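Okay, here's what each chain looks like letter by letter:
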Amino acid sequence: MAQPGNEMDEDKFCCSVCLDVLKEPVTLPCGHNYCLACIRGSWDQEESRGASSCPQCRQSFSPRPVLVKNRLLAQLLEELRPSGLHAAPDAPDAPDALCHAGPEDVACDFCSGRKLKAVKSCLTCLASYCQQHLQPHHRVASFKRHQLVAPCGQLQENVCSAHGEPMKMFCRTDRQSICFLCSLDRHRDHDTASAAAERTERQRELEVSSGDIQQRIQAREEDVKLLQQELEDILHSADTAVRTTESIFLELLDLIQRKLDDVKQQIRKQQEAESSRVQELQRKLEQEIAELKKRQEELKKLLHTEDDIQFLLNCLSLSLLSESTESSSIRTCPVRYVQDVTMAVSEVREKLQTILNSNVFQAAAQVDGLLADLQPEPRTREDFLKHWRSITLDPNTVNSYMALSQKNRKAQVLDKPQTQVNHGDRFLECCQVLSTEGLIERSYWEVQWAGEGVCIALAYRNISRVGKGNDCKFGHNDRSWALHCHHRCFWHNNKQTVLTGPRSSRVGVYLDPRAGSLSFYDVSDAMTLLHRVQASFTQPLHVGLRLYYMFVDSVEFSEPSGSNPSDVNN
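Quick caveat, the model's predicted, so the values are computed rather than measured.

Bringing unusual backbone geometry into the picture now. Within the chain, K407 stands out as a residue other than glycine whose phi angle is a positive 55°. A positive phi is found at R488, a non-glycine position, where the angle reads about 50°. Examined against the element boundaries, R488 turns out to sit in the loop between β16 (480-484) and β17 (489-492).

Printed below as a string of structure tokens:
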């Protein structure tokens, strides 16, 4: 064992390849010393590269220099050996530190013969080391300043091909890694930064992107659950409608057997169409979730990359995310068409029983007319227009800050109140008006509006007319339902539902009181569903309009002519 005073000498006289005291020491042109056999073996291994380099400083020599024994150093070592000078590699820190490198592992650059698995890579030396050959980086003071990272197999990519220098800079103009000499040459006038600074900025962006992806994954998973529930509702409702319809038509025997088959076919056709739509959306969402999860794993792996250059190279190679499936295209409310069929069939049965009991010979002629009621909610604007209703406003209900025109089909806000005859039906405080007609059958109408405070509503005739409280305001009580056009929200019983659809200046309203269905549509190039509500209507409904004093608002009931939107988008 060497004396304590010789510990520094042991480090100085060790070969960095074999980690033992130098044997037949030779000195390279760069000044570093090695065992003659060790440096020859190292150069023989890298012979394919066309140049020999120093294992410590990586300086290249071409052609290979002639190795001559350093006699002075050899003599000094001979004199020190009697005092106990020796150096032996430290024991490995882990049981698998001396494992041989496999096909997927990074091999040690200094092992001769069968290479060991590297435990660290040095970004200064641009080499990878096993546990044994890593010891000088822990013991030699000059090596302790080197940057060690997890084993990396692409260290040569960190070297500039033009100057042979480490690429520790990043050109933001050309979006590529460069060395310091490049920043003074071809990239002199470009926007450059250190690789570490660029990595910090990119990492912050990727962390934000990772959080957004996680939110999208959660949102899409919730959408998939809702779609699955809707699919179950479709199947259950369709099966129930088929069974109910079949039992009703069987009571009519041969008289309506042909209509029974026809109705069953319509239900199944609609079920197939709706099921296909939901399943396709579900497939797209599941595919998007898989893509997002894959991207999430790539980002996690990238964020743990310690090598700045590798981080930037992989960051630049990331592909863009595919277009996200919009949640607004997902309809989560149960399908109503099968319930409409069931209700209509029940009504037909009652009417047929009355007809058959009174006049058997006329019953067959009236069956076709009765079955016309077996229709689901309209799917095109032409279907909606079959239920068109012309709406007029009641002057006895209009507030004093509103003026009616165009034969009581248009309402507009006034700067100051107008003198009106006192009437018990008039809204005294709220800037509102009701229609003259009460609706009890299927009805459809369209409204054109302008301003920032327009509200389209339906209300019972007995809604309160006095005061500014919720009892009077459309949508803030249990006797009215209101769509706020500008703010894109729906109110009923003082509860708000925020809408995600487009803000339309032309709104179509469809009401089916018997089915308890009220729907609002954007009428443009295509009819797009804005909101649908299911309710139990116990009284005739009157159309209501509400305007706001502070805005220049106007609203009028449109005529059925004009634009001809295509099919309805739900």
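Taken in spatial order, the three strands make up an open sheet running β6-β5-β7, and their pairing is antiparallel. The open sheet is flanked by β6 (127-129) and β7 (148-149), the only strands paired with a single partner.

Spatially, six strands are ordered β13-β22-β15-β16-β17-β18 in an open sheet, and the strand pairing comes out antiparallel. Because the sheet does not close on itself, it has two edges, and the strands there are β13 (432-434) and β18 (495-498). Recorded for the sheet is a direction-independent mean angle of 20° between the axes of neighbouring strands. Of the pairings in the sheet, the one linking β17 to β18 comprises four bridges and is antiparallel in character. Counterpart to F490 in the pairing with β18 is T497.

On to a nonpolar patch on the surface. Nonpolar side chains collect at one region of the surface, where F180, L181 and L184 lie side by side and expose about 300 Å² of accessible area between them. Its place among the elements puts L184 in helix α5 (residues 180-184). By relative accessible area, L184 is classed as exposed at 51%.

Moving on, we come to the pattern of salt bridges. Scanning all chains against the criterion turns up 23 salt bridges. A salt bridge links R277 to E230; the shortest N-O distance between them is 3.0 Å. Taken as a pair, R277 in helix α7 (residues 257-303) and E230 in helix α6 (residues 195-251) lie far apart in primary sequence, 47 residues in all. One salt-bridge network, held together by shared partners, links R172, E198, E201 and R202.

Let's shift gears to the nonpolar core. Ranked by internal contacts, the top residues of the largest apolar core, which has 35 residues, are W445, L518 and F520. If we ignore the near neighbours within four places in the chain, the residues touching W445 are W388, R389, I391, L439, L458, V507, G508, V509, L511, V543 and F557.

Take the environment of Y34 next. If you trace the backbone, Y34 turns up in strand β2 (residues 33-35). Through-space distance from the C-alpha of Y34 to that of E24 is 8.2 Å; in sequence the pair is ten residues apart. The residues touching Y34, leaving out its near neighbours within four places in the chain, are C15, S16, V17, L22, E24, P25, V26, L28, I39, C54, P55 and Q56. Of the polar contacts made by the side chain of Y34, one reaches the backbone nitrogen of Q56; its length is 3.3 Å.

Reading guide: rules and limits
Residues numbered from 1 in each chain as written. Predicted model: local features only at pLDDT ≥ 70, side-chain atom pairs only at ≥ 80, totals over all residues. Heavy atoms only, no water. Helix = DSSP H or I, 4+ residues; strand = E, 2+ residues; numbered from the N terminus. Pairing = 2+ DSSP bridges. Axes fitted to C-alpha atoms, helices over the stretch in contact; angles between N-to-C directions. Patch = residues over 30% accessible without salt bridge, like charges linked within 9 Å, V, L, I, M, F, W, Y side chains within 5 Å. Areas by Shrake-Rupley, 256 points an atom, 1.4 Å probe, with all protein chains shown as cover. Salt bridge = Lys/Arg side-chain N within 4 Å of Asp/Glu carboxyl O. Buried < 20%, exposed > 50% of the residue type's maximum accessible area, 1.4 Å probe, protein only. Core = buried A, V, L, I, M, F, W, Y, C linked by side-chain atoms within 4.5 Å. Contact = heavy atoms within 4.5 Å. Polar contact = N/O pair within 3.5 Å; in protein donor to acceptor, adjacent residues only side chain to side chain.

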